[in-house]
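# Coordinates in review
The lines below spell out each chain.
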Amino acid sequence: MMVSIFRILTTTKIPPNIIITPKLQLPRYNNQTPQETLNPSIPFSQFQQTKILESQLVSLLDSSNNVNQSKQIHAHIIRKGLDQCCYVITKLVRVLTDKFDVPMDPYPVRTFQQVKRPNPFLYTALIRGYTMQGSLMESVRMYNLMRRQGIGPVSFTFTSLLKACSDAGGVSLGMQIHGQVINFGGFGCDLYVNNTLIDMYVRCDLLDSASKVFDEMPERDAISWTSLIVAYTRLGNMEKACEMFDGMPVKDMVAWTTMVMGFSQNAKPREALEYFDRMLEAQVETDEVTLASVISACAQLGATKYAKWVQDVADRAGFGPTNNIVIGSALINMYAKCGCIEEARNVFDKMKNKNVYSYSSLILGLAMHGCAQEAINLFEKMLKTDIKPNKVTFLGVLSACSHAGLVQQGQNFFAAMEKEHGVTRTVDHYTCMVDLLGRAGLIKDAYDVIKTMPMSPHAGVWGALLGACRIHGNPEIAEIAASHLFELEPNAIGNYILLSNTYASSRKWNEVSRIRALFRSKGLKKNPASSWVEGAKGVIHEFFAGDMNHPRTSEIKRELEDLVCKLMLDGYTPVLSCVPYDVSDDEKKKILLGHSEKLALAYGLLVDCGIIRIMKNVRICEDCHVVMCGASKISGREIIVRDNTRFHHFCNGVCSCNNFW
């Protein structure tokens, strides 16, 4: 095809008064090709003929499929004497560097060097080519050459250079280029240049400079506003992000999605859902990214009311899980984290197409709910398909083994990762192994795994070991784990509390006092334990330990006391060791009675007759676990508790964890 075109162009003898153009697939305008808009009976000037040929060659370059075709076109450009045409040569350089990623030296550079009078667009094509291939200094050298030749830049010159500075983190050089922008009159008002400046300063963590550029812009578009909003959300400054968002004259889908995503990523799920609701009221279209962010917020909140609502929205928007793998996988994760593992299974079963993320989401969900064998079975089912497991899949399988105490199976999966499946172990997989062995009481074995790790253990690894020492009462190894944690996370109060509680379990009260004095001297404050329960009409009620400020406190207190009396008649004895304080037994009983999950349980028993769903921000204690088991038996109600590690399903006096957690 390409050769035949060249043959027509080079071999046909053209009478002096007739111009023959090759039958090229040129762009259409108003459903006509350029040839159709012209009267072929009228002879053209040589200038017009050249312009038509230039357009044809540019079109051919755009449609070329490989470098060899581009070279053939280049040869024809030379034969037709257009090797000095900056318009055509600029397109050639752009195609070589942008489309085919041809190294700048020698081909594009030597092509450029043949042009005697390059214009700013050709220089910019070279500058852009260098920036795309990571050669920032070469692009700057080309810019300097252009300036020495007395050729002024265009807006694309600056946007290419600024983007290169962003990619390389060269903020100092970027500031110098910003100075050039100001020096050349007119570019300081250029919308695209200013947007690129904002992007550069944001990516180089100079938000104040980005804000100054924004404030001085005579013209702004949605990109200008959204770039800064994204920057504030990434810093966790949602207050400033809201202020910017409210100031936007026109809020498009990207801006709304940025706010929803920002709240979701900054652990503000209620606000994310609120903004999504406002987005729907404004009749702004949603896409996969918006829905995925909302689904993530629902997963954080753990409220079934919102879970079902957001799936209905996804279905109406045409992103239902049946045909959309991304949304389907996100919904599986959401339902699992909302305590609705059956709904997660249903979504998975209805999906026409599944990928590794779909399988991994359900495997992780099943593991979280203590359905270890089912998670393992699903993993083995996946291995029989063409879908290959990835790192996340193995995290799910190892987590399932950890929650169920399946030590041997977990070790087998860990060994098979690299040998059989080619999946490289990460520090998170070693964390799972330490957790698996530690939960099973194999503290020394868990510590040995850490000592043989091929990479430096992070805080998660030592945290898993410290948690195991707390459960099984091993203050000696706990001290080793804590010493590493104090170096890695000097301001994480949870590590001090875990070590303090480990000492308390061994009744080493002097050590308990020393650790508490240590974190108090650092000015660290413990985040209060809290639980929230979904009440009537999906309303969320939050309770804090020992807090009696709920409007129905007196009823909640009476309901809880009645429950404890019934439990005691059934053989319940408070687990006083769950109180890590050197106080009287009566005081310990009082403290246990005020645990946030017990208050949430009492409220759930008081106001609803269905499944009681409780979420807690820290690990459920042994005494509350016993109470939940007994309450499910006495009330005949199913109780689902999600703490910071897993789900517990209490039904008829039995927990899904089989008292292993």
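In what follows, the accompanying structure is described. Values in this document were obtained by computation on a predicted structure and should not be read as measured data.

## Quick look at the pattern of salt bridges
- If you walk through the whole model with that rule in mind, you get 20 salt bridges.
- Close ionic contact of Asp98 with Arg128 constitutes a salt bridge, the shortest N to O distance being 2.9 Å. On the criterion of sequence distance, the pair formed by Asp98 in helix α4 (residues 86–99) and Arg128 in helix α6 (residues 120–132) is long-range, its members being 30 residues apart.
- You can call Asp98 partly exposed: its relative accessible area is 27%.
- According to the relative accessible area criterion, Arg128 is partly exposed, its value standing at 29%.
- The salt bridge involving Glu597 is made with Lys616; its shortest N-O contact spans 2.6 Å. Highlighted residues: Glu597 in helix α32 (residues 596–607) and Lys616 in strand β3 (residues 612–616), separated in sequence by 19 residues. In this structure, Glu597 and Lys616 share a single accessibility class: buried.
- Through salt bridges with shared partners, a single ionic network connects Lys163, Asp167, Asp199 and Arg203.

## Description of unusual backbone geometry
- Note the cis peptide between Asp105 and Pro106, where omega equals 20°.
- Residue position: Pro106 is located in the loop between α4 and α5 (107–113).
- Even without glycine at this site, Gln283 takes up a positive phi of about 60°.
- Mapped onto the elements, Gln283 comes out in the loop between α15 (269–281) and α16 (288–301).
- Residue Gln283 is classed as exposed on the basis of its relative accessible area, which comes to 75%.

## Examining the nonpolar core
- Judged by nonpolar contacts, the single largest core of 173 residues is most densely connected at Leu126, Leu228, Met259, Met334 and Leu465.
- In terms of residues, this core owes the most to one element, helix α26 (residues 459–472), which gives eight residues.
- In terms of nonpolar packing, the next biggest core, distinct from the first, is built from 32 residues, Leu567, Leu592, Tyr603 and Val627 among them.

## What to know about the side chain of Asn495
- Tracing the chain through its elements places Asn495 in helix α28 (residues 493–505).
- Setting aside anything within four residues of it in sequence, one finds Asn495 in contact with Leu466, Leu485, Phe486 and Glu489.

## A short note on the packing of aromatic side chains
- One pass over the full model with this rule turns up 18 aromatic pairs.
- Measuring from centroid to centroid gives 5.2 Å for Phe414 and Tyr430, while their planes differ by 80°, and the two rings are edge-to-face. Residue Phe414 is located in helix α23 (residues 407–421), and its partner Tyr430 is located in helix α24 (residues 427–439); the two are separated by 16 residues in the primary sequence. Residue Phe414 shares its accessibility class with Tyr430, and that shared class is buried.
- Among the aromatic side chains, those forming a connected cluster through ring pairs are Tyr143, Phe158, Phe184 and Phe187.
- One Lys or Arg, Lys251, reaches over the ring of Phe245 and ends 5.3 Å from the middle of that ring.
- Here the basic side chain of Lys451 rests over the ring of Tyr447, its NZ or CZ set 4.6 Å away from the ring centre.

## Describing the pairing of β3
- Most of β3 is tucked away: five of the five residues are buried.
- A two-sided burial pattern is seen for β3, the buried positions comprising Ile612, Ile614 and Lys616 on one face and Arg613 and Met615 on the other.
- Looking at chain direction, strand β1 (residues 530–534) and β3 are connected through three bridges and run antiparallel. Counterpart to Val533 in the pairing with β3 is Ile614.
- A crossover connection joins β3 to the parallel strand β4 (residues 639–642) through helix α33 (residues 622–635); in handedness this β-α-β unit is right-handed.

Here is what the cut-offs are and how they apply
- Residues numbered from 1 in each chain as written.
- Predicted model: local features only at pLDDT ≥ 70, side-chain atom pairs only at ≥ 80, totals over all residues.
- Heavy atoms only, no water.
- Salt bridge = Lys/Arg side-chain N within 4 Å of Asp/Glu carboxyl O.
- Helix = DSSP H or I, 4+ residues; strand = E, 2+ residues; numbered from the N terminus.
- Buried < 20%, exposed > 50% of the residue type's maximum accessible area, 1.4 Å probe, protein only.
- Core = buried A, V, L, I, M, F, W, Y, C linked by side-chain atoms within 4.5 Å.
- Contact = heavy atoms within 4.5 Å.
- Phe/Tyr/Trp six-rings, centres within 6.5 Å; stacked < 30°, edge-to-face > 60°.
- Lys NZ or Arg CZ within 6 Å of the ring centre and 35° of its normal.
- Pairing = 2+ DSSP bridges.
- Right-handed = clockwise from strand over helix to strand, strands pointing away.

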